[in-house]
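Structural overview
Chain by chain, the residues:
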Protein chains: 4
Amino acid sequence: MARPSDVHAKIDLLRAAEQAFVEHGLEKARVEDITAKAGRSKGSFYLHFQSKEDAFRQIVEGFLARLAAMVEYPVDLDADFETIITSWHEKDLELFEFFWQNRAVAQLLLHGGSSAQFRYMVDEFAERARTNCRMLVELGQARGYYRQDLDLDVTSLAIAGAYDRVVRELVAQPKKPDLSRWLETVQDLLLRGLAANPERARRRPRS
Amino acid sequence: MARPSDVHAKIDLLRAAEQAFVEHGLEKARVEDITAKAGRSKGSFYLHFQSKEDAFRQIVEGFLARLAAMVEYPVDLDADFETIITSWHEKDLELFEFFWQNRAVAQLLLHGGSSAQFRYMVDEFAERARTNCRMLVELGQARGYYRQDLDLDVTSLAIAGAYDRVVRELVAQPKKPDLSRWLETVQDLLLRGLAANPERARRRPRS
Amino acid sequence: MARPSDVHAKIDLLRAAEQAFVEHGLEKARVEDITAKAGRSKGSFYLHFQSKEDAFRQIVEGFLARLAAMVEYPVDLDADFETIITSWHEKDLELFEFFWQNRAVAQLLLHGGSSAQFRYMVDEFAERARTNCRMLVELGQARGYYRQDLDLDVTSLAIAGAYDRVVRELVAQPKKPDLSRWLETVQDLLLRGLAANPERARRRPRS
Amino acid sequence: MARPSDVHAKIDLLRAAEQAFVEHGLEKARVEDITAKAGRSKGSFYLHFQSKEDAFRQIVEGFLARLAAMVEYPVDLDADFETIITSWHEKDLELFEFFWQNRAVAQLLLHGGSSAQFRYMVDEFAERARTNCRMLVELGQARGYYRQDLDLDVTSLAIAGAYDRVVRELVAQPKKPDLSRWLETVQDLLLRGLAANPERARRRPRS
DNA sequence: TATGAATGAGCGTTCATTCAT
DNA sequence: CATGAATGAACGCTCATTCAT
C-alpha cells in the first residue's frame, strides 16, 4: 500500500495541471507552476507523467472518455419517437450537468488552449457528436417527424454548433445556471426548425 | 537611392506567418520557419513586426477588422421585416464568402491556436456577433414574426453557435462548397425554429 | 532527498564571472564563457543570478560593501591628531591589503569595464571616499596642523586621486609590492603638501 | 571637390559618435543612434569608418594625439628650474583648457566606456604622462629642489593620479570652473609635498 | 520513492554590416 | 557617392527533463 500522501499525488497533480492549462494554455503552463500549485516536487510530476504533453493528453482523454460514454448510449431504434426524444432530453441534461461539473477541462477543450497537436482529439469528438446528431435527425425523417428536404450534413452541423456554443457559454458561467431551462430553449428552437409538422414539435412543458 | 523596400515582403511574411500559426499555433511556430517559408531572412521579420506576438496580433486584428465591417452593417429598423431578412441573407452570404476567402486565418481563430493572451479578441468578437444576432431576434419578436416565449440569451447563443460551427466546417473544406445552399440550410432551420407562424418562416426560393 | 545544492557553485560562478568581466568587460563577456570557466552548465548560472547584469551587480556590490565597511570607520574627533593620523595610516594599510586581495574586482571597477549603467556605483563610492578625505583635511585645519589657505574641494580631489591611481597600479602588479612602503610614500607626499608646519608633517619612521 | 554636405559628413558623424559613446559606452551605442543623431544615413557611416570600433578608435586616437602633442613638449633641461616650473604651469593650464574643451571625449576615456579592447590606449597614455611626470621630479631632485628620499615610482604615480582625478572632476562640471585656481591648488599641494626646502616650494602669486 | 539542483537544447531578438538601387 | 532595406551571426534566457542523493 502506498503512503497516504501518494494516493492523492496524481490526483493533485492532475487538478493543478488542469488549472494551469486553463489559465495559460499547454505551452505557456510551466511544469513548475503545476507542481507548486499541487504542493508537490517537480520530480514527482515525472513519476506520474511521461511529459507535460502526456499530462495534457491524460486530462483530455479522461474527459473525452467519460464524455463519450454519456453521448454514445445506444438508441433503441424500435422505440417510438416520442420516447427517443424524451430519453434524448434526459441524456442531454446529464451532459449539461457533466459539463458543468467539469467546466475547467471543458473550457480548456472548447476554447482551445489545446495547441495544434491535440486539436484532432477535440475535433474527432466533435465529429462524433455531430454524427450522432445526424443519425437522430435521419431517424426523425424516417419516422416522418422531420422534414424530408433537410441537408443532413449542414443541418447536423448547425445543431451540433448550437449545442457547442451553448455549452461553451455554460462552462464560462460563474454560477450554475438553470441547465434544464437552457437545454429546453435549445431543443425547442431546433426541434421546431426540424419539424415537419410544427404543431407536434412543440415541447410539452413538464407537468 | 536606397534599395526600395520590397513591397511583397510584408505580405509574404504575413502569409507565411498565417500558415505557420495555423499549422503549429502561436507558441510552437518558429520565427525562423516563417521567414524560411517566406523566402526571407530572419532579420526581415523584425523590419515589419515588433515581435512574433505582434505579427499574430496584426493578422488577427486585420481579419477581425474586415470582419467587423461586414457584420456591423446598420439594420434599417424601419424597413419591413421581409426586406431586413433578405438583406440579412445577402450579408451572410458575403460573410460566408469572406470566410472562405480567408479560411486560413479563420481556422486559426475558430480553432484557437490563439493562445490565452489573444483569446479575448476572438471572444469579444463572438460576443458582438451574438449581440447582433440577439437584436435581430428581438426585432422579429417586436414585429410579431418570432415567438414571444424565447429566452433571448440562450436562443441567440444557439443561433450564433450554429453559424459558428457551420463556418468552422466551411473553412476546413478542401474545395469551395455551395455557400448559398449551406447558408440557406442554416437559415431555414433557424427561421423555422424562431417563427411564430411556421408557414411564414419558410424561405421562398429565389425566383 | 534531492541532490544537495553544490555549495561551491555560486562561488565558482562568481569567480569565473569576475575573471570574464575583467577580461572582456560586462557587455562582451558571454554567459557561456563564464559557465564554461566555472565548469558548470549554462543553466546553472540562472539558478544563482537573475541575469548577467545581476551577477555583475552582485560582484560590485559585494566588493563595495566590504570596502565601505573599511573606509567608513568612525574617526574619534576628540583624539589627538597624531593618534588620528596613525590610525588613518593603519586603516589605509588594511585598505591596500584589501585591494590587493581583491585585485581582480578592483581592476574591474577602477578601470571600468563597468558599463555606463553601473558607473554610478563606483562614482558614488569615489565621492564618499573623497568626502571622507575632505573631513580629515578639515579636521587637520581646525587643529592647526594644515594650512588654512587650502581649497578643500580641489585638494580633497587631488588627494583622493593620488590614492586612486596608486591603488589602480597596485592591483595591476603581478607580484605583491611592499604595500607599507607605497602607502608611506603617498602619505608622506600628501602630508607634507598639506602641512602648515613642514617639520611636523614629516612622518616619523616606525621604530 | 566634394559636395558641401560631404565636407561635414565625417565631422558630424564623429561628433554624434562621441555623444553616443559617452552616453551609452562603446558596446551599447548603436550605429543607428549615431547616424540618426548626425542626421545621416546608416550607410554613410561605413563610408567614413571601417566599423563601429574604428570610429571609436579614431575618436580616441585623435584626442590622444592632440593631447600627446601638448604633454610631450620638450623640456629645456638647461633652463633654470624656476623657468621650467613656470612653463610647466603654463602647459598644464593649456592642458586643463584642452580637457575642458574636449570634455565629452575626455569623460569617455577617463570613465572608461572604453571597453577592454581600447583600455590599452588610455593606459598607455596614462603611463606616458606618469613617465613625464617622473622625469620632472627627477630633474627637480637633480637640481636639489626636491627631496632625495622620494620613491620615484610611487610618487610619480600619486602625482599623476592627483591630476587624473582633478581632471576627471573638471570635465564633469556643468559650468567651466576657474581652471587656473584648480591647477594652482593641485600644483601647490604637490610642490610642497615634493620640496626639499618648503619655503621655496610656495608658488608665488602671479603679479 | 521523493526531491529539487543541474542540465543544455532551443528560440526570440538585436544590430553591425552589406549592397542593390 | 548616398541610402536604408536586407541579412544572419550571435547571445541571453527559459524550461522540460534528468538524476544524484
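Since we're looking at a predicted model, the values are computed, not measured.

1. Overview of the overall build of chain A
- Along chain A, the regular secondary structure elements total 10 helices and 0 strands.
- In sequence order, the secondary structure elements of chain A are arranged as α-α-α-α-α-α-α-α-α-α.
- Seen through its C-alpha atoms, chain A measures out along the principal axes to roughly 60 × 35 × 35 Å.
- By residue count, 51% of the 207 residues in chain A fall in the buried class.
- In chain A, 70% of the contacts between residues at least 6 apart in sequence involve partners at least 24 apart.
- For chain A, the accessible surface area stands at approximately 10100 Å², while carbon and sulfur atoms represent 52% of it.
- Taken as two groups, the 30 positive and 32 negative side-chain charges of chain A have centres that lie 5 Å from each other.

2. Overview of the confidence of the model for chain A
Residue and element names in this part refer to chain A.
- Residue-level pLDDT values for chain A average 86, and 90% of them are 70 or greater.
- In the model of chain A, helix H10 (residues 198–201) stands out as the element of lowest mean pLDDT, 55, in contrast to helix H2 (residues 31–38), which has the highest, 95.
- Predicted confidence for residues 202–207 stays below pLDDT 50, and this span has 12 contacts to residues more than four positions away or in other chains.

3. Digging into H2 of chain A
All names here are of chain A.
- Listing the buried residues of H2 in full gives Val-31, Ile-34, Thr-35 and Ala-38. Looking straight down H2, one finds that the buried residues subtend no more than 90° of arc, so they occupy a single side.
- Trailing H2 by a residue or two, Gly-39 shows a phi angle of about 65°, which is positive.

4. Some details on the pattern of salt bridges
- Throughout the structure, instances matching the rule amount to 76 salt bridges over all chains.
- A salt bridge links Glu-27 of chain B to Lys-28 of chain A; its shortest N-O distance comes to 3.7 Å. Placement of the pair is Glu-27 of chain B in helix H1 (residues 7–28) and Lys-28 of chain A in helix H1 (residues 4–28), with the two residues belonging to separate chains.
- Residue Lys-28 of chain A is classed as partly exposed on the basis of its relative accessible area, which comes to 41%.
- Among the ionic pairs, Glu-61 of chain B bridges to Arg-57 of chain B, the shortest N-O distance being 4.0 Å. Here Arg-57 of chain B and Glu-61 of chain B lie together in helix H4 (residues 52–71), a separation of 4 residues that amounts to about one turn.
- Beyond isolated ion pairs, a larger network of salt bridges with shared partners links Glu-127, Arg-130, Arg-134 and Asp-153 of chain A together with Arg-165 and Glu-169 of chain B.

5. Remarks on the interface of chain C and chain D
- Each partner contributes to the interface: chain C provides 43 residues, whereas chain D provides 43 residues.
- Summed over both partners, the interface of chain C with chain D buries about 3500 Å², with 57% contributed by carbon and sulfur atoms.
- Considering only the surface of chain C that becomes buried against chain D, Leu-157, Arg-165 and Leu-189 of chain C emerge as the three largest contributors, covering 19% of it.
- Viewed at the interface, chain D and chain C are joined by 10 salt bridges.

6. Describing the relation of the copies chain B and chain A
- It takes a turn of 179° to lay chain B on chain A, together with a shift of 0.0 Å along the axis; the resulting RMSD is 0.2 Å. Given the turn and translation reported, the copies of this chain are related as if by a two-fold rotation axis. For chain B, the minimum C-alpha distance to the rotation axis belongs to Gly-193 of chain B and amounts to 1.9 Å.
- The fraction of interface residues of chain B whose copies in chain A are also interface residues reaches 98%, indicating that both copies meet through the same surface.

Thresholds applied
Residues numbered from 1 in each chain as written. Chains lettered and ligands numbered in written order. Predicted model: local features only at pLDDT ≥ 70, side-chain atom pairs only at ≥ 80, totals over all residues. Heavy atoms only, no water. Helix = DSSP H or I, 4+ residues; strand = E, 2+ residues; numbered from the N terminus. Buried < 20%, exposed > 50% of the residue type's maximum accessible area, 1.4 Å probe, protein only. Contact = heavy atoms within 4.5 Å. Areas by Shrake-Rupley, 256 points an atom, 1.4 Å probe, with all protein chains shown as cover. Lys, Arg positive; Asp, Glu negative; His and termini not counted. Charge placed at Lys NZ, Arg CZ, Asp CG, Glu CD. pLDDT = per-residue confidence, 0-100. Arc of directions from axis to C-beta. Salt bridge = Lys/Arg side-chain N within 4 Å of Asp/Glu carboxyl O. Buried area = accessible area lost by both parts, 1.4 Å probe. Least-squares fit on C-alpha atoms with pLDDT ≥ 70 in both.

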